[in-house]
Amino acid sequence: MSFNMVDKVKEHLDIVESFDSQDSKEIENFRIKYLGKKGVVTGFFKSMGQLSPQDRKPLGQIVNQLKTEVAQKVKSLKTHSKVSNSSSNVPDATRPGFQIESGNRHPISIVKNKIIEIFSTIGFGLSEGPEIEDDWHNFTALNFPKHHPARDMQDTFYLKTPENYLLRTHTSTVQVRHMETHQPPIRIISPGRVFRSETITARSHCLFHQIEGLYINEKVSFADLKQTIEYFCQSLFQKSKMRLRPSYFPFTEPSAEVDIYWGLETEVDHRITKGTGWLEIMGCGMVDPNVLDNCSIDSNKFSGYAFGLGIERIAMLLYQIEDIRLFYENDIRFLRQFKSVI
Ligand code: DAH
């Protein structure tokens, strides 16, 4: 019996050897005929169960040979058919196209671009600076006296070498760089990454994004600052009710914190505003004359305002995201939810 079967396998080996085709469908049918679940090779293996061990061995060997030869044949015919198909000039119009998945902008970039756009419509240009800074641009020029506790407001990552270099703790550094190299009128916004050595909680992170604004000219007043911020809040949040609370920053005098009236309509509104309806969105103030002098701008002739805001905070408000860490995890399921044209 096994002799018969070995002969049958040999016959198949001949068929396999002489099989030739460039048609991928035919090649696939050939493969299924031999290697499919109900194919020839499986059939031989199944029937081996009835044989004695002596007969089983030689048959097993030759069936395995058949299996390998079919696989090799299919492989070589497939490569060949690909080459010949691609060299053919006749396109197959029925073939489905490749789906190209387009990516999305990160929500932080979407919000950043939106803010840039809002300020650019009222004449603010873009100015950017380095992330590795020196003490002068991050602190001293901004009126942080040496050893003053104000430096501790922002726990700093210092570089081991060179000495006195650090990762900027805020984008106010760009004000200094811009004023050192330009004379008024100055009207800039400066987005960028900033770094602080803070404990990681749901609210704080070592790296985040800020946007700094600066306007310097003759006779710039606090009223100009207020109007600019009102315009910004209206454009971004469609909310214009705001209030300015006195605050302190070394580089502005007077300084203020801006709150917008968010409302108390939903449960989320209650939670994020801690039941008050008000939300803090940025710091601002009139540029301290010391800062102007440090940057070689005549403080008797010019005045100006500055403001700074955290992009994550704004993005969390706009998209109702309650955990800042989501911005940094790069979870595709999260990122896919944001669509933007800018
Ligand atoms: N640099 C401040 C911070 O990182 C933000 C800020 C506040 C910037 C007030 C300003 C300003 O320009 O006027 O917390």
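Everything numeric here is computed off the predicted structure, so don't read it as measured data.

Draft legend 1. A look at the packing of helix 2 (residues 24-35) against helix 3 (residues 40-47). Taken N-terminus to C-terminus, the directions of helix 2 and helix 3 make an angle of 5°; their axes are 4 Å apart at the nearest point. The orientation of helix 2 relative to helix 3 falls into the category roughly parallel. Contact residues: helix 2 offers Lys33, Tyr34 and Leu35, while helix 3 offers Val40, Val41 and Thr42.

Draft legend 2. Quick look at the pattern of salt bridges. Evaluation of the coordinates by the stated rule reveals 12 salt bridges. Among the ionic pairs, Glu133 bridges to Arg177, the shortest N-O distance being 2.7 Å. Here Arg177 lies in helix 7 (residues 172-181) and Glu133 lies in strand 2 (residues 132-134), a separation of 44 residues in the sequence. A relative accessible area of 1% places Glu133 in the buried class.

Draft legend 3. Quick peek at the state of the cysteines. For the structure shown, the criterion picks out zero disulfides. Its sulfur unpaired, Cys284 is 9.9 Å from the next cysteine sulfur, which belongs to Cys233.

Draft legend 4. Structural detail: unusual backbone geometry. A cis amide bond links Thr161 to the next residue, Pro162, at an omega of -10°. Structurally, Pro162 is set in the loop between helix 6 (135-138) and strand 3 (165-167). Residue Glu253 is joined to Pro254 through a cis peptide bond whose omega torsion reads -5°. One can find Pro254 in strand 7 (residues 252-261). Within the chain, Asn143 stands out as a residue other than glycine whose phi angle is a positive 75°. Here Asn143 lies in the loop between helix 6 and strand 3. Although it is not a glycine, Lys219 adopts a positive phi angle of roughly 55°. Relative to the assigned elements, Lys219 resides in the loop between strand 5 (207-217) and helix 8 (222-237).

Draft legend 5. Representation of the site of the ligand in the model. Residues in close proximity to the ligand total 16 residues, the closest being His170, Ser172, Arg196, Gln210 and Glu212. A distance of 2.7 Å separates an oxygen atom of the ligand from a polar atom in the side chain of Arg196. For the ligand, the accessible surface in isolation is 350 Å², of which the surrounding protein chains cover 92%. The class makeup of the residues in the shell around the ligand is five nonpolar, nine polar and two charged.

Draft legend 6. View of a negative patch on the surface. Side chains of Asp7, Glu11, Asp14 and Glu17 sit close together on the surface and give a patch of like negative charge. Mapped onto the elements of the fold, Glu17 is located in helix 1 (residues 2-18).

Draft legend 7. Representation of the packing of aromatic side chains. A complete count under the given rule lists 16 aromatic pairs for this structure. Between Phe144 and Phe251, the aromatic rings sit 6.0 Å apart at their centres with planes inclined by 35°, giving tilted as the arrangement. Note that Phe144 is positioned in the loop between helix 6 and strand 3 and Phe251 in the loop between strand 6 (242-249) and strand 7, a separation of 107 residues in sequence. The class of Phe251 is buried, set by a relative accessible area of 10%. In this structure an aromatic cluster arises from ring pairing among Phe119, Phe124, Tyr215, Phe232, Tyr305 and Phe307. Lying over the aromatic face of Trp262, Lys239 brings its terminal NZ or CZ to 4.7 Å of the ring centre. Across from the ring centre of Tyr261, 4.4 Å away, lies the NZ or CZ of Lys241, which sits over that ring.

Draft legend 8. Spatial organisation of the pairing of strand 4 (residues 186-195). With eight of 10 residues buried, strand 4 lies mostly within the body of the structure. Where strand 1 (residues 125-126) and strand 4 come together, two bridges link them in parallel fashion. Residue pairing for strand 4: Gly125 is matched across the bridge by Ile188. The pairing of strand 4 with strand 5 spans 10 bridges and is classified as antiparallel.

Thresholds applied
Residues numbered from 1 in each chain as written. Predicted model: local features only at pLDDT ≥ 70, side-chain atom pairs only at ≥ 80, totals over all residues. Heavy atoms only, no water. Axes fitted to C-alpha atoms, helices over the stretch in contact; angles between N-to-C directions. Helix = DSSP H or I, 4+ residues; strand = E, 2+ residues; numbered from the N terminus. Parallel < 35°, antiparallel > 145°, perpendicular 65-115°, else oblique. Contact = heavy atoms within 4.5 Å. Salt bridge = Lys/Arg side-chain N within 4 Å of Asp/Glu carboxyl O. Buried < 20%, exposed > 50% of the residue type's maximum accessible area, 1.4 Å probe, protein only. Disulfide = S-S within 2.5 Å. Near = heavy atom within 4 Å. Polar contact = N/O pair within 3.5 Å; in protein donor to acceptor, adjacent residues only side chain to side chain. Areas by Shrake-Rupley, 256 points an atom, 1.4 Å probe, with all protein chains shown as cover. Nonpolar A, V, L, I, M, F, W, Y, C, P; charged D, E, K, R; others polar. Patch = residues over 30% accessible without salt bridge, like charges linked within 9 Å, V, L, I, M, F, W, Y side chains within 5 Å. Lys, Arg positive; Asp, Glu negative; His and termini not counted. Charge placed at Lys NZ, Arg CZ, Asp CG, Glu CD. Phe/Tyr/Trp six-rings, centres within 6.5 Å; stacked < 30°, edge-to-face > 60°. Lys NZ or Arg CZ within 6 Å of the ring centre and 35° of its normal. Pairing = 2+ DSSP bridges.

Don't take any of this as a statement about function, it's just geometry.
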